[in-house]
Amino acid sequence: MNNHNRPAWHEPDYPYNAIWCNGVKVPSIKKANRVSYVFIVGGNFQTGFVYKKVTAPVLAGGKANFKKAVERCLEQADECDHVFIERFHYNETDKTWQVFLGS
């Protein structure tokens, strides 16, 4: 039974919102259709850091689709602080567009 006195539930705002910096070019989907993001998961400056990489597919070309792929990477990394897309670099080894994010 529905309680009509209870306020309607709304899904919270999606916290993983990537923001394009000025001058960042949209990568070519012909060269690679995946985005990768590498981030620190542990360690320290003295002993070295431990890194993890996550990837997400780019379903079609264009800025909006690359933004969605970056946001999927942010979600996998549970990253809400570094959301500014500063640049992309083509990673020859794994054939992905590696995204570099700032805060």
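As a reminder, the structure under discussion sits directly above these lines.
Note that this is a predicted model, so its numbers are computed, not measured. (Residues numbered from 1 in each chain as written. Predicted model: local features only at pLDDT ≥ 70, side-chain atom pairs only at ≥ 80, totals over all residues. Heavy atoms only, no water.)

Digging into the sheet that holds strand S5 (residues 96-102)
Strand pairing in a sheet is mediated by backbone hydrogen bonds. Such pairs are either parallel or antiparallel.
Reasoning step 1: One open sheet accounts for 5 strands, arranged S1-S4-S5-S2-S3; its pairing is mixed. Only two strands of the sheet have a single partner each, and these edge strands are strand S1 (19-20) and strand S3 (48-57).
Reasoning step 2: Bridge analysis of strand S2 (residues 34-44) against S5 gives 2 bridges, and the strand direction is parallel. The residue of S5 that forms the bridge with Ser36 is Gln98.
Reasoning step 3: Lying on the sheet, helix H1 (residues 63-77) is in contact with S1, S2, S3, strand S4 (84-91) and S5; it crosses S3 at an angle near 135°. (Pairing = 2+ DSSP bridges. Helix = DSSP H or I, 4+ residues; strand = E, 2+ residues; numbered from the N terminus. Contact = heavy atoms within 4.5 Å. Axes fitted to C-alpha atoms, helices over the stretch in contact; angles between N-to-C directions.)

Describing unusual backbone geometry
Reasoning step 1: Here the phi dihedral of Asp78 falls at roughly 50°; this positive angle occurs in a residue that is not glycine.
Reasoning step 2: Topologically, Asp78 is positioned in the loop between H1 and S4.
Reasoning step 3: A positive phi angle is found at Lys95, which is not glycine, with a value near 55°.
Reasoning step 4: By relative accessible area, which is 43% here, Lys95 ends up partly exposed. (Buried < 20%, exposed > 50% of the residue type's maximum accessible area, 1.4 Å probe, protein only.)

What to know about the pairing of S3
Each regular strand shows side chains that alternate between the opposite faces of the sheet.
Reasoning step 1: Looking at chain direction, S2 and S3 are connected through 10 bridges and run antiparallel. By the bridge assignment for S3, Val35 is matched with Ala56.
Reasoning step 2: Hairpin connection, S2 to S3: the antiparallel pair is bridged by 3 residues.

Topic: the pattern of salt bridges
Reasoning step 1: In total, this model carries 3 salt bridges according to the counting rule given.
Reasoning step 2: Notably, a salt bridge pairs Asp94 with Lys53, separated by 2.4 Å at the nearest N-O pair. Residue Asp94 is found in the loop between S4 and S5, and its partner Lys53 is found in strand S3; the two are separated by 41 residues along the sequence.
Reasoning step 3: The class of Asp94 is partly exposed, set by a relative accessible area of 25%.
Reasoning step 4: In this structure, the salt-bridge partner of Lys95 is Glu92, at a minimum N-O distance of 3.0 Å.
Reasoning step 5: Looking at Glu92, the relative accessible area reads 51%, which means it is exposed. (Salt bridge = Lys/Arg side-chain N within 4 Å of Asp/Glu carboxyl O.)

A look at H1
An α-helix turns once per 3.6 residues; consequently, residues spaced three or four apart project the same way.
Reasoning step 1: For H1, which comprises 15 residues, the first-to-last C-alpha distance of 21 Å matches the rise-based estimate of 21 Å (1.5 Å per residue) to within 8%.
Reasoning step 2: Burial in H1 covers these residues: Phe66, Ala69, Val70, Glu71, Cys73, Leu74 and Ala77.
Reasoning step 3: In the core, the buried residues of H1 are packed alongside S1, S2, S3, S4 and S5.
Reasoning step 4: Trailing H1 by a residue or two, Asp78 shows a phi angle of about 50°, which is positive. (Expected span 1.5 Å × (residues − 1).)

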